[in-house]
Structure formats: structure tokens, C-alpha cells
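# Examining the three-dimensional arrangement
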Amino acid sequence: MNRHQGRYWLLIIAGLLMSMVPIVAAQSNSASVEGPGYLIKLYASGVDTFNYVPATAQADGAFAEAAVPGATIVVNYLGMGDVSPLSGMPTCLDWDAPALAAFQHAVDIWEAVLVSSVPINVDACWEPLTTLFSSPAILGAAGPTSIFANEPSLPLQDTWYAAAPAEALVGSNLTGSDADVVAGFNAEFSIGNGWWFDFNAPTPSGYVDFTSVVLHELGHGLGFTDFGDDTSLNFFGFPGVYSRYLVTGNGTPLLNRPDGSPELAAALTSNNVYFNGPYTLAVGGAARIYAPRPYANGSSISHLNENSYGGANALMTPFLGFAEQILSISSLTRAMMCDVGWQMCPPLAVVQGPAPIDTTVNLCVDIYGNSNNAIQVSVPGELDMAIHCRVIAQDSTFRRDPAEIGDTAVLSQGVIHAVDVFSPSGESAAGTSVCFQGTGTVYFLSADVSPRVPSVLPATLSGDLTCVVLPGSGTVVLAASSGSGGTSAPAPTPVVAPGLDPNSASSPAVPQALSNCTVTTLYRMNIRQEASDSSAVIDVLPYDTTYTVTEKSGNWYRVIYQDTQGWLNADLVATTGDCG
């Protein structure tokens with residue numbers, strides 16, 4: 001199935017669209033073209049996240065709007081028996097008062113950010129999405145009803161814009177009596193304790209915050225989406241404005257690959273896709289995009305990478321956790337919305353991004369979007385566009401699973417700071433220098449061996465910085481020197497499904513080769529290097545994705561994952577075929 005499960009046509013213009021496109025392709029500026037909308041889904045992760053971001057009047061940082069924000073969003077709350085814009089069937093139900101209040105609060109947040117003189121019309125349906133999408137974890141789905149290209153006032157020609165930003169740019173209604181955005185929300189959702197509707201109190205453990213879900217889905221309807229599929233970024237010969245800013249880790253545009261080609265399909269599932277719109281670059285650098293392998297229908301490419309962002313930046317990732325309430329639109333999200341057409345940002349000449357120390361130093365950003373002078377990475381000029389740095393720990397606080405550091409001796413000594421230095425496209429990071437604020441022993445865990453074995457790097461002191469030069473790509477750790485009383489590292493906290501004990505013993509290992517077995521994840525879950533709950537975590541897999549199994553060992557399946565293999569707990573997957 002195409003990733004846009006629920007891709008829908010505005011039937012009233014379908015025939016016109018088919019006849020208009022060849023003319024527009026020949027004379028790209030001669031006509032306006034209206035196209036279909038797309039639906040992007042949000043899932044519950046099934047685990048507590050404890051990420052609370054209250055509403056704020058301003059963006060979180062130095063990013064400010066170019067004009068006094070203000071927009072009117074008019075919601076048509078479809079009721080009992082109304083036709084769902086997602087299913088095309090009369091499956092809408094009546095809305096309860098708490099859900100309506102939470103929905104309106106999300107609308108108020110977007111109205112305070114956007115700039116448009118044209119009312120934005122939304123059709124919203126409260127409906128049984130678990131049945132429609134065959135997924136108990138789905139929270140909602142939304143998208144623009146229409147997309148437009150080659151209207152005279154649109155900044156880029158031969159480029160699709162979602163209906164709402166297109167109308168804001170043109171200054172007039174383009175969709176007539178139709179809505180600009182359609183959305184459906186899961187009336188059947190019952191994982192954990194179900195929905196939380198009180199936006200005046202943090203969402204407790206086991207609940208999913210409804211206001212955050214609405215805020216997220218409205219973002220997709222307002223243009224935070226591409227208009228392609230698992231092999232293409234074009235629709236009728238044009239890419240969307242969002243897709244024009246998609247690049248690989250070394251800065252190569254995805255649109256440089258032939259549309260529909262195996263090369264483009266591989267890039268879309270490479271876990272190495274970034275969004276480099278000019279406003280996004282100005283507020284902190286290219287944003288990492290969710291591009292898992294295999295392709296996730298209705299989710300890939302149109303979200304920020306789940307494991308790269310926290311805090312307010314987690315609003316537009318593909319999963320929402322229990323106890324996660326995000327009621328603010330971050331500077332990153334605002335910048336990306338400006339890149340897809342919204343005119344709420346200052347001219348680029350006066351955008352204030354984070355000030356670099358000098359032109360060669362990268363202040364590494366952690367999953368919460370934070371950066372400071374505690375970790376500095378200086379990359380040789382010939383590798384400047386290829387090398388990335390990702391904070392694992394800073395000030396003794398882990399930003400990611402400490403199992404990534406990989407060695408118990410280093411962990412027990414007391415990790416002060418840690419960072420991964422790597423190239424998504426495979427170049428070596430040799431010659432890159434890393435400086436940590438503070439003093440201690442610097443360990444290097446090379447990415448060329450698995451499991452990573454630590455070695456001590458010779459370090460130099462520069463003021464209050466401890467600096468080393470790397471022999472290659474890998475993890476760099478500043479640990480407390482022996483006897484210095486450094487802070488002990490916390491134990492790893494893996495992501496597990498509700499009701500499972502992450503410390504439970506594995507079943508006895510009896511290896512069995514398998515050739516006709518696939519598994520599908522039932523939760524958001526860990527994939528590990530070995531068949532053990534105590535083994536290092538390779539990555540966190542999304543809900544409802546399917547993998548080929550090569551071996552079974554006790555209660556574990558070894559699966560093919562990207563360019564390697566890893567182990568999944570059999571209790572967290574559904575099996576198909578001969579799986580032992």
C-alpha cells in the first residue's frame with residue numbers, strides 16, 4: 001500500500017486535474033493546478049515519556065515572527081452519522097465536551113502563531129480509527145484537502161503548496177466551500193488509560209494527551225508534509241515545497257535522484273534524511289527527518305526523527321508517549337513552517353541563530369534541542385559537511401540510552417560528557433577534534449568494531465577544556481579520572497512494552513535458523529545487539545513495522561535491520577510464516 005493510506009481525491013476536480021497537468025508541464029507558469037490531499041498519522045508509543053512543555057507566548061529561543069501573528073481557524077466538528085473525510089463512510093460520532101475544549105485549545109495555540117488574512121477551515125471527525133486503520137495505537141490522522149501549484153503569488157513555481165499556506169500567500173480562498181484541512185481522531189483509543197483531555201494539568205502516567213495530538217495533526221494539515229510516497233517525491237511532475245528541502249547527511253538533495261528510481265527509494269529509507277530549508281538552517285542547522293527502513297506508510301519523511309528530538313521539538317515526531325504533553329510550538333517547528341510557505345518569520349537577513357564559537361566548531365545538539373559550550377567538535381575543512389556529532393551525555397545527565405557507550409568499566413567510572421561523532425554517509429571522522437568542558441580521562445570507543453572496546457586517548461588542556469583528536473568515527477567519553485569522585489552513571493532504561501520486566505532473564509538460547517518468517521512490532525520497542533535484555537540497544541523501532549527473521553534463539557528473533565541484524569523480544573512482535 002502507498003504510504004498515504006487514506007490518500008484521497010477531491011472528486012469534483014479529479015477530471016480537470018488529469019487534463020490540466022500536461023498543459024502545465026509544457027508551460028509551467030500558465031495555469032494553477034489543484035491536487036489531492038494527504039493523510040499523515042500519529043501513533044502512541046505505549047511507554048511513559050514524561051515530557052511536559054507548557055504553552056508559551058513566544059518561540060523557545062531567539063526566533064521571532066516577522067509580523068503580528070494572527071489567523072482564524074474555523075473547525076467544523078462533524079457529528080453522529082456524518083461522512084468521515086478519512087474513510088468516506090458515515091462513521092463520525094458526536095464529540096464530548098472535554099474533547100471539544102482540548103481541541104479548541106490546540107486551535108488557539110496555532111492561531112497565535114500563524115499569519116493569514118484568509119480563514120482556515122478544518123473538518124474534524126471523532127471516529128473509530130482503530131477499526132479503520134487496523135491499529136490500536138493510532139491516535140489521529142490529518143492532512144491538507146488540496147495542494148496548489150503555479151498560483152501567481154506562490155514563491156516557487158512548479159511546486160506544490162498545501163491549501164492553507166497557499167491561501168495565506170495568495171490572500172484569497174482557493175478551496176471554495178471545501179475545508180483546507182481534514183482530520184480524524186480515534187474514538188476507540190484505549191491503550192493504557194486512554195485519552196487525557198485536561199490541558200490545564202500535566203498528563204499523568206499511562207495517559208495520552210489529546211491536545212498534543214490535535215496540535216500535531218493540525219501541523220500536518222497546515223503543510224508539515226511531503227506529497228510523495230515510498231519511491232517518489234513528485235506528484236504529477238512537481239515536488240512539494242517541503243520535499244525541495246530534503247537532503248542526505250552530506251547535503252545532496254533527494255530530488256537529484258530520478259523520481260521512482262531504486263536510488264530514491266533507498267534514500268527515503270536510509271535513516272539519513274535531513275530538512276535544510278533556509279529558516280531551519282538559520283535557527284540551528286538541518287533537521288533530521290524520520291526515514292526508517294522499511295518505509296512506514298503514512299509516517300515516513302513527514303515527521304522529525306523520533307530519536308533525535310525531545311522537549312517542544314518532539315511535537316512533530318511520529319510517536320507520542322504516555323505522560324507527554326506538548327503545548328508549545330518550538331522555534332524549529334516554526335522555522336520549518338516558514339520554509340513551507342507561512343509568512344510568520346523575519347527576513348532571513350535578520351534571523352538570529354545560535355552564535356558559533358568560530359567557523360570550524362560545531363556545538364553538538366542533544367535530543368532535547370539543547371546546545372552549549374560543554375561539548376565542541378571541530379571538523380577538518382574537507383569533512384565539514386559530512387561529520388555529525390550527537391550528544392549522549394552532558395553534565396552527567398544522559399540524553400540517550402547509556403548502553404550506547406557500551407562498556408561497564410567506563411560507565412561505572414562516572415561519565416561526565418559523551419558524544420557520538422560519525423558520518424551518515426560512511427566517511428571516517430579521523431582528524432576531528434573534540435573538546436569537553438571539565439577534566440578527566442577521555443575514552444574512545446571505535447565504531448569499526450562491535451561491541452565497541454574503549455581505549456584511552458591522549459588529551460591536552462585548553463583553559464577549562466579537555467581536548468582530543470579522533471582516530472576515526474565512534475563514541476568519545478569524558479569520564480572521571482580514577483579516584484576523582486565523578487558522578488556515577490545511571491543504569492540504562494530501555495523502552496519496553498507495558499507489563500514487561502526489562503530485567504527479566506532471557507529464555508535459554510537454542511539457535512534455530514529460519515528462512516520463511518517475518519515479524520511485526522506490536523509496540524515501539526528496542527532492537528538489541530545480542531539476544532538478551534541486558535545487551536546494548538541498537539535503535540528503537542516504530543510500532544507496526546515488519547522485519548525478516550534469520551534466526552531464533554530462545555525467546556528472541558534475529559531480524560534484518562537496515563545494513564545489519566539485531567535481536568527482538570518475541571513477546572513484543574506478531575509472527576507470520578514458519579517462525580519456530
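Residues numbered from 1 in each chain as written. Predicted model: local features only at pLDDT ≥ 70, side-chain atom pairs only at ≥ 80, totals over all residues. Heavy atoms only, no water.

## Points about the state of the cysteines
- Tallying each qualifying case throughout the model produces four disulfides.
- Note on cysteine connectivity: Cys-92 is disulfide-linked to Cys-125, with sulfurs 2.1 Å apart. Note on the Cys-92 and Cys-125 pair: the S-S dihedral is about -130 degrees, so by sign convention the disulfide is left-handed. Of the two residues, Cys-92 sits in the loop between strand S3 (73-77) and helix H2 (97-111) while Cys-125 sits in strand S4 (residues 120-127), which places them 33 residues apart along the sequence. Like Cys-92, the residue Cys-125 is buried in the burial classification.
- Between Cys-435 and Cys-467 runs a disulfide, and the two sulfur atoms are separated by 2.1 Å. Here the S-S torsion is close to 115 degrees, and the disulfide linking Cys-435 with Cys-467 is therefore right-handed. (Disulfide = S-S within 2.5 Å. Helix = DSSP H or I, 4+ residues; strand = E, 2+ residues; numbered from the N terminus. Buried < 20%, exposed > 50% of the residue type's maximum accessible area, 1.4 Å probe, protein only.)

## What about the sheet that holds strand S2 (residues 40-53)?
- Spatial strand order, S3-S4-S8-S5-S2-S16: six strands in an open sheet with mixed pairing. Looking at the sheet topology across the chains shown, the edges are occupied by S3 and strand S16 (319-326). Shown here is a sheet whose adjacent strand axes are inclined to one another by a mean of 35 degrees, direction ignored.
- Seen against the sheet, H2 touches S3, S4 and strand S8 (181-186) and runs at an angle of roughly 160 degrees to S3.
- Against the sheet, helix H5 (residues 210-221) engages S2, S4, strand S5 (138-144), S8 and S16, with an angle of about 30 degrees to S5. (Pairing = 2+ DSSP bridges. Axes fitted to C-alpha atoms, helices over the stretch in contact; angles between N-to-C directions. Contact = heavy atoms within 4.5 Å.)

## Some points on the environment of Gly-474
- Along the chain, Gly-474 turns up in strand S27 (residues 474-479).
- Using a relative accessible area of 3% as the deciding quantity, one classes Gly-474 as buried.
- Gly-474 has contacts with Val-419, Asp-420, Val-421, Phe-444, Leu-445, Ser-446, Ala-447 and Arg-452, leaving out every residue within four places of it along the chain.

## Digging into the sheet that holds S27
- An order of S20-S19-S21-S27-S23-S24 is seen for the six strands of this open sheet, with the pairing classed as antiparallel. Only two strands of the sheet have a single partner each, and these edge strands are strand S20 (397-398) and strand S24 (454-456).
- Two elements, strand S21 (residues 415-422) and S27, share six bridges in a ladder whose sense is antiparallel. Bridged to Val-419 within S27 is Val-476.

## Structural notes on the side chain of Asn-271
- Tracing the sequence through the fold places Asn-271 in the loop between helix H6 (262-268) and strand S14 (273-275).
- Apart from residues lying up to four places away in sequence, Asn-271 is in contact with Arg-288, Ala-291, Asn-305, Asp-539 and Gln-562.

## A look at the environment of Gly-251
- One can find Gly-251 in the loop between strand S13 (246-248) and H6.
- The class of Gly-251 is partly exposed, set by a relative accessible area of 28%.
- Spatially, the C-alpha atoms of Gly-251 and Val-273 are 9.2 Å apart, while their sequence positions differ by 22 residues.

## So, H2
- Spanning 15 residues, H2 covers 21 Å between terminal C-alpha atoms, matching the ideal 21 Å at 1.5 Å per step.
- What H2 keeps buried is the set Ala-99, Ala-102, Phe-103, His-105, Ala-106, Val-107, Ile-109, Trp-110 and Glu-111.
- In this structure, the buried side of H2 is in contact with S3, S4, S8, H5 and helix H8 (331-339). (Expected span 1.5 Å × (residues − 1).)

## So, H5
- Across its 12 residues, H5 extends 17 Å between first and last C-alpha, which sits within 8% of the 16 Å expected from 1.5 Å per residue.
- Among the 12 residues of H5, 12 are classified as buried, and the element is accordingly described as predominantly covered.
- All of the buried residues along H5 are Phe-210, Thr-211, Ser-212, Val-213, Val-214, Leu-215, His-216, Glu-217, Leu-218, Gly-219, His-220 and Gly-221.
- Phi for Gly-223, located one or two positions after H5, is positive at around 125 degrees.

## Topic: the nonpolar core
- With 81 residues, the main nonpolar core has Phe-210 and Trp-342 as its most contacted residues.
- Counting residues per element, this core draws most heavily on H2, which supplies seven residues.
- Dropping the residues within four chain positions of it, Trp-342 is found in contact with Leu-114, Val-115, Ser-116, Ile-120, Ala-164, Pro-165, Ala-168, Leu-222 and Met-337.
- Judged by nonpolar contacts, the second largest core, of 21 residues, contains Ile-375, Val-377, Ile-416 and Val-421. (Core = buried A, V, L, I, M, F, W, Y, C linked by side-chain atoms within 4.5 Å.)

## Regarding the packing of aromatic side chains
- Taken as a whole and judged by the stated rule, the model has 24 aromatic pairs.
- With a centroid separation of 5.2 Å and an interplanar angle of 50 degrees, the aromatic rings of Phe-189 and Trp-195 are classed as tilted. The two residues Phe-189 and Trp-195 agree in class, both being buried.
- Each member of the aromatic cluster is reached from another via a ring pair, and the members are Tyr-77, Trp-95, Phe-103, Trp-126, Phe-185, Phe-189, Trp-195, Phe-197 and Phe-210. (Phe/Tyr/Trp six-rings, centres within 6.5 Å; stacked < 30°, edge-to-face > 60°.)

## Considerations on the pairing of strand S6 (residues 146-149)
- Alternating residues of S6 divide into Ser-146 and Phe-148 and Ile-147 and Ala-149, and every residue in both groups is buried.
- With two bridges joining them, S6 and strand S7 (residues 161-162) adopt antiparallel strand pairing. Paired with Ile-147 across the strands is Ala-162, a residue of S7.

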